[in-house]
Each structure stands twice: as structure tokens, then as C-alpha cells.
Amino acid sequence: MKRREFLINSALTISGAALFASCGKKEIKKAKNQVVRRKFANTDMPLIALGCMRLPMKNDKIDMFELEKMVEYAMEHGANYFDTAYMYVDGKSENAIGEILKKYPRESFILADKNPAYLVNSPEDVHKLFNEQLKKCQVDYFDIYMVHNINKNTLSNYRDNDMYGELLKLKKTGKIKYLGFSFHGDPQMLREVINEHKWDFCQLQLNYLDWEVVNADELYKIADEAGVPVIVMEPLRGGALCNLPEKAKGKLKEAAPNDTQASFGLRWVAGKERVFTILSGMSNLQQLKENVNTFVNYRQFTQKEEELARQIAQIIQSQGAINCTACKYCLEVCPRGINIPAIFGLYNLYKASSQPNRFFMFTYNYNALNEDERADKCIQCGLCNKNCPQSLDIPKLLAEVEKTVKVVEKDMN
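Here the structure is a predicted model, which means the values were calculated and not measured. (Residues numbered from 1 in each chain as written. Predicted model: local features only at pLDDT ≥ 70, side-chain atom pairs only at ≥ 80, totals over all residues. Heavy atoms only, no water.)

## A short note on the overall build of the chain
For step 1, the next point in the chain: Each helix and strand counted, the chain has 18 helices and 12 strands in total.
For step 2, the next point in the chain: Over its C-alpha atoms, taken along the principal directions, the chain stretches across nearly 95 × 50 × 45 Å.
For step 3, the next point in the chain: For the chain, the residues scored as buried account for 51% of the 413 residues in total.
For step 4, the next point in the chain: Of the contacts made within the chain by residues no fewer than 6 positions apart, 77% connect residues no fewer than 24 positions apart. (Helix = DSSP H or I, 4+ residues; strand = E, 2+ residues; numbered from the N terminus. Buried < 20%, exposed > 50% of the residue type's maximum accessible area, 1.4 Å probe, protein only. Contact = heavy atoms within 4.5 Å.)

In C-alpha cells, the structure reads:
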């Protein structure tokens with residue numbers, strides 16, 4: 001074969017292979033109504049994104065059929081940002097979202113993942129974990145990538161192993177488009193971390209409850225002053241802002257009748273100009289549709305609504321609920337397998353409710369937990385405290401819940 005013929009045949013083979021590789025990819029049927037987007041660097045980001053920490057479950061497994069419907073709906077409406085992490089859903093989140101997204105052209109979606117700082121004991125670990133994540137997600141690069149969960153317990157891992165430097169190497173090779181970090185620490189630590197390097201973004205926990213109750217306002221101010229764009233996690237406080245106390249629910253319905261509890265919370269977050277996307281851990285298609293609709297028909301938050309948010313936060317705080325977002329990090333280290341997020345969630349629902357049957361429902365649901373998962377099985381080891389992003393004294397709070405259960409059961413008898 002002559003050289004010219006060889007080159008032509010080779011080119012045809014290569015182009016044919018490329019064409020074959022693109023065949024079979026899922027066609028995205030763009031809906032008429034698209035979610036609003038915000039400019040981030042050279043990319044237009046959807047203002048709402050699918051967080052993959054609380055995926056739909058069926059028989060204790062990820063419901064792939066429901067998840068696929070959610071991804072399809074999100075893609076059709078322009079909410080094409082998906083956020084996963086190494087430990088989400090017991091380490092199965094990356095595989096699940098990767099299996100579904102592989103059906104779409106790679107350039108059609110934005111994928112975010114995180115390097116778990118708590119598992120990094122050497123610079124080599126950074127690359128080992130990164131390559132494992134690429135394989136699990138079935139991609140050859142990440143659009144958004146970050147050092148995961150910098151806090152008082154992981155700060156030394158992040159610094160001693162030069163995680164920023166190692167990830168920057170990967171960014172320079174094109175395997176990472178934008179490099180940042182997620183954060184669960186105090187303002188002083190954030191100020192140090194955010195000014196140590198040239199970050200493309202940071203990921204912070206922001207919602208109207210934390211703005212009033214803890215230091216979310218100060219954390220946002222630090223990022224704003226540093227000129228670092230913000231991704232928001234826990235905009236609805238792990239679902240707490242979708243299960244408001246009756247008094248707060250009534251106030252919201254009266255003052256903002258066109259809002260659901262979720263849309264009100266999400267719109268509040270979107271009112272922060274430094275924010276370019278908001279992660280929401282949606283567990284079913286209905287939740288996704290509601291959140292997408294909020295940003296298809298997006299309305300700016302008003303000053304009057306700001307005051308309403310402050311009032312609702314004060315009502316929630318007055319209920320004495322536990323400051324838990326159900327992130328499940330505590331479950332990673334609990335030697336007894338106590339279902340801490342479920343216990344705190346039941347307690348918070350009980351404290352927030354004014355329904356006559358709240359006493360029965362609290363004890364009924366608590367006793368429906370496996371006996372080995374209940375609060376009285378806590379051995380006070382304190383390992384959970386080290387993993388808690390909210391800095392809760394979990395053993396103490398578990399003891400309080402157990403005491404409350406006994407008091408309620410006694411009063412009912």
C-alpha cells in the first residue's frame with residue numbers, strides 16, 4: 001500500500017472509530033424552559049445542581065431506574081451539574097452516577113468530585129485516589145475537583161501532603177478544569193486556607209438558618225473578600241428547612257404563598273452574588289422537579305423576604321433542635337453502627353411538630369430502628385465527634401435523645 005493510501009485509510013479508520021464512539025450516546029431533548037445560569041470563569045454554570053450524597057434508594061440499594069429518570073430530567077432542563085464524592089452512599093455514589101452519565105456526550109455535563117483528605121497520608125495517595133475516582137465515574141477528567149472536607153481533623157493531611165500542589169499537577173495536564181476545596185471549619189481556618197493558594201472556588205455550607213445560628217455569614221464574607229467564587233452545600237440544612245415547625249410553616253405560607261419551603265430556602269441562597277451553583281441532595285424525581293422549577297421560574301429574593309428568613313430561623317432555633325445535616329460522616333467511624341443521623345432526625349421532627357400524635361410518632365419511629373442502632377448503644381468513645389462537620393458533641397446528644405424517649409414513653413403510659 002502506498003503511503004498516501006495508507007494515510008487516507010488510517011484517517012478514515014480513525015474518524016470512523018470516533019464516529020462509532022459517539023454513536024449510541026443519549027440524545028438530550030432540550031426542554032423549552034431551562035434553569036438560569038451564572039458565569040463562572042469561562043463556563044456558564046446552572047444555578048441548581050444535583051448533589052449525589054442522598055440518592056434515591058430501594059431495598060437498601062441505589063434505585064438506578066429513579067436516578068436515571070432524575071438525570072434525564074435534569075439534563076433536559078439545563079441542570080447538567082452533578083456532584084459526587086468518594087464516600088457518598090457508602091462509596092457507591094461515584095459508580096452510580098458514572099454508569100448513567102456515560103450514556104451522554106462528555107461535553108454535555110459538568111461533573112464534580114472530591115479527594116478525601118482524611119484518607120491521604122502521602123502525596124502518592126492523592127493520585128491513587130484520583131485515578132480510582134476517574135475509573136469509577138468512567139471519565140477521563142473532572143470539570144470541578146476539590147480537596148474534600150478541610151477541617152480541624154484533616155488540615156494536617158491537606159498541608160503535610162501538599163494536596164494542593166499534587167492536584168495542581170493534575171490540573172496542568174487537563175485532568176482537572178477547576179480546582180477548589182470544601183470546608184467545614186471556623187472562620188480563622190478558612191481565612192488561612194483560602195489565602196494559602198490560588199483557588200478557583202470554595203464550597204461552603206450556606207443556608208438562612210446557619211446564617212443566623214452559626215458563622216455562615218462570616219465564612220461567606222471571607223470568600224467574598226478574597227474574590228473566590230462559592231459553591232453552596234446544604235442549602236436546605238439536610239432537609240431541615242423543608243420540615244419547618246408549624247409556627248414557621250404558617251408564617252411562610254402567609255408571607256410567601258408562592259413559595260414552597262424548599263424554593264424559599266434555595267432562593268435565599270441564590271441571592272448571594274458570589275454563589276455560582278447550589279448543590280441540593282435530591283432523593284427522588286419529584287424533589288428534582290420542584291427544585292428545577294424554582295430556577296426555571298427564578299425570582300430574586302427581596303429585602304422583605306430576608307426579614308422573613310431571619311424570623312423563621314429564630315423560630316427553628318427556639319425549638320431546641322439538634323444541629324445535624326445528616327451528612328453521615330459520623331457513621332464512618334462509629335464502632336457500634338449507631339444510626340446517628342436517623343436518631344437526630346426523628347428527634348428534630350418531634351421537637352418541630354405541634355401535631356397531637358407527635359409523641360406517639362416519635363417513640364414509634366425510634367423503636368422501629370434496629371435495636372443495635374439506637375442511642376442507648378453508644379459507648380461514649382467520641383470518635384464521631386472528630387468526624388462531625390458541625391462540631392456536635394454527639395455522645396452527649398445521643399444521651400439526651402435516649403432520655404427524652406424514656407420520658408415520652410413514661411408520660412404516654
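## Considering the confidence of the model for the chain
For step 1, the next point in the chain: For the chain, the average pLDDT comes to 90, and 94% of its residues sit at 70 or higher.
For step 2, the next point in the chain: In the model, residues 1-22 has pLDDT below 50 throughout and makes two contacts with residues more than four positions away in sequence or in other chains. (pLDDT = per-residue confidence, 0-100.)

## Things to note about the nonpolar core
A general feature of soluble globular proteins is that nonpolar side chains tend to end up buried together.
For step 1, the next point in the chain: The biggest cluster of nonpolar side chains holds 98 residues, and the ones touching the most others in it are Val71, Phe82 and Phe181.
For step 2, the next point in the chain: In terms of nonpolar packing, the next biggest core, distinct from the first, is built from 25 residues, Leu346, Tyr347, Ile394 and Leu398 among them. (Core = buried A, V, L, I, M, F, W, Y, C linked by side-chain atoms within 4.5 Å.)

## A look at the packing of helix α11 (residues 246-255) against helix α14 (residues 303-318)
For step 1, the next point in the chain: Orientation of α11 relative to α14, taken along the N-to-C sense of each, is 165°, at an axis distance of 9 Å. In terms of orientation, α11 lies roughly antiparallel with respect to α14. The handedness of the crossing between α11 and α14 is right-handed. Where α11 abuts α14, its residues Lys247, Ala248, Lys251, Leu252 and Ala255 lie against Leu308, Gln311, Ile312 and Ile315. (Axes fitted to C-alpha atoms, helices over the stretch in contact; angles between N-to-C directions. Parallel < 35°, antiparallel > 145°, perpendicular 65-115°, else oblique. Left-handed = near helix turned anticlockwise from the far one by under 90°.)

## Side note on the sheet that holds strand β3 (residues 48-51)
For step 1, the next point in the chain: Spatially, the eight strands close up into a barrel ordered β3-β6-β7-β8-β9-β10-β11-β12, and their pairing is parallel. Across the sheet, the axes of successive neighbouring strands diverge by a mean angle of 30°, strand direction being ignored.
For step 2, the next point in the chain: Sitting on the sheet, helix α12 (residues 261-270) touches β3, β11 (230-233) and β12 (275-280), and the angle it makes with β12 is about 155°. (Pairing = 2+ DSSP bridges.)

## Focus on the packing of aromatic side chains
For step 1, the next point in the chain: Taken as a whole, this structure holds 20 aromatic pairs when the rule is applied.
For step 2, the next point in the chain: Counting every residue linked through ring pairs, the aromatic cluster contains Tyr208, Trp211, Tyr220, Phe264, Trp268 and Phe301.
For step 3, the next point in the chain: Its end group placed over the ring of Tyr141, Arg106 keeps NZ or CZ at 4.0 Å from the ring centre.
For step 4, the next point in the chain: Positioned above the aromatic ring of Trp211 is the side chain of Lys272, whose terminal nitrogen or guanidinium carbon lies 4.5 Å from the ring centre. (Phe/Tyr/Trp six-rings, centres within 6.5 Å; stacked < 30°, edge-to-face > 60°. Lys NZ or Arg CZ within 6 Å of the ring centre and 35° of its normal.)

## Digging into the packing of helix α15 (residues 340-352) against helix α16 (residues 358-368)
For step 1, the next point in the chain: The contact between α15 and α16 brings their axes to 9 Å, and the two run at 175°. By the criterion of interaxial angle, the relationship of α15 to α16 is roughly antiparallel. Here α15 contributes Ile343, Leu346, Tyr347 and Tyr350 to the contact with α16, which in turn contributes Arg358, Phe359, Phe362, Asn365 and Tyr366.
For step 2, the next point in the chain: Residue composition of the contact of α15 with α16, by class: seven nonpolar, one polar and one charged. (Nonpolar A, V, L, I, M, F, W, Y, C, P; charged D, E, K, R; others polar.)

## A closer look at a negative patch on the surface
For step 1, the next point in the chain: Taken together, the side chains of Asp186, Glu212, Asp217 and Glu218 make up a negatively charged region of the molecular surface.
For step 2, the next point in the chain: Position of Glu218 among the secondary structure elements: in helix α10 (residues 216-226).
For step 3, the next point in the chain: Note on Glu218: relative accessible area 36%, which makes it partly exposed. (Patch = residues over 30% accessible without salt bridge, like charges linked within 9 Å, V, L, I, M, F, W, Y side chains within 5 Å. Areas by Shrake-Rupley, 256 points an atom, 1.4 Å probe, with all protein chains shown as cover. Salt bridge = Lys/Arg side-chain N within 4 Å of Asp/Glu carboxyl O. Lys, Arg positive; Asp, Glu negative; His and termini not counted. Charge placed at Lys NZ, Arg CZ, Asp CG, Glu CD.)

## Structural notes on the environment of Leu101
For step 1, the next point in the chain: Positionally, Leu101 belongs in helix α4 (residues 93-101).
For step 2, the next point in the chain: On the accessibility criterion, Leu101 (2% relative accessible area) is buried.
For step 3, the next point in the chain: Separated by 75 residues in sequence, Leu101 and Lys26 place their C-alpha atoms 9.2 Å apart.
For step 4, the next point in the chain: Sequence-distant contacts of Leu101, that is, excluding residues within four places in its chain, are made with Val71, Phe82, Phe109 and Leu111.

## Things to note about helix α8 (residues 187-196)
In an α-helix, one turn spans 3.6 residues; hence positions three or four apart end up facing the same way.
For step 1, the next point in the chain: Here α8 has its buried residues at Pro187, Met189, Leu190, Val193 and Ile194. What you see down the axis of α8 is that its buried residues fit within an arc of 150°, all on one side. More than 90 degrees from the buried face of α8, the exposed residues found are Gln188 and Asn195.
For step 2, the next point in the chain: Against the buried residues of α8 lie β8 (142-150), α6 (155-160), β9 (176-183), β10 (201-205) and α10.
For step 3, the next point in the chain: With a side-chain oxygen positioned 3.2 Å from the backbone nitrogen of Gln188, the residue opening α8 is Asp186. (Arc of directions from axis to C-beta. Polar contact = N/O pair within 3.5 Å; in protein donor to acceptor, adjacent residues only side chain to side chain.)

## Things to note about the side chain of Gln133
For step 1, the next point in the chain: With respect to the secondary-structure elements, Gln133 resides in helix α5 (residues 123-137).
For step 2, the next point in the chain: Polar side-chain contacts of Gln133 include one of 2.6 Å to the backbone oxygen of Lys114.
For step 3, the next point in the chain: Ignoring any residue separated from it by four or fewer positions in sequence, one finds Gln133 in contact with Tyr86, Glu94, Asp113, Lys114, Asn115, Pro116, Phe142 and Tyr145.

## Some details on the side chain of His148
For step 1, the next point in the chain: As for its position among the elements, His148 is in strand β8.
For step 2, the next point in the chain: There is a polar contact of 3.1 Å between the side chain of His148 and the side chain of Tyr329.
For step 3, the next point in the chain: Not counting the four nearest positions on each side in its chain, His148 is found in contact with Ala85, Met87, Tyr88, Lys114, Asn115, Pro116, Ala117, Ser182 and Tyr329.

## Let's talk about the pairing of β9
Within a regular strand, side chains alternate between the sheet's two faces.
For step 1, the next point in the chain: A large share of β9 lies buried, amounting to seven of its eight residues.
For step 2, the next point in the chain: With six bridges joining them, β8 and β9 adopt parallel strand pairing. Bridging across to β9, Ile150 finds its partner in Phe183.
For step 3, the next point in the chain: Chirality of the crossover, the property in question, places the unit of β9, α8 and β10 among those that are right-handed. (Right-handed = clockwise from strand over helix to strand, strands pointing away.)

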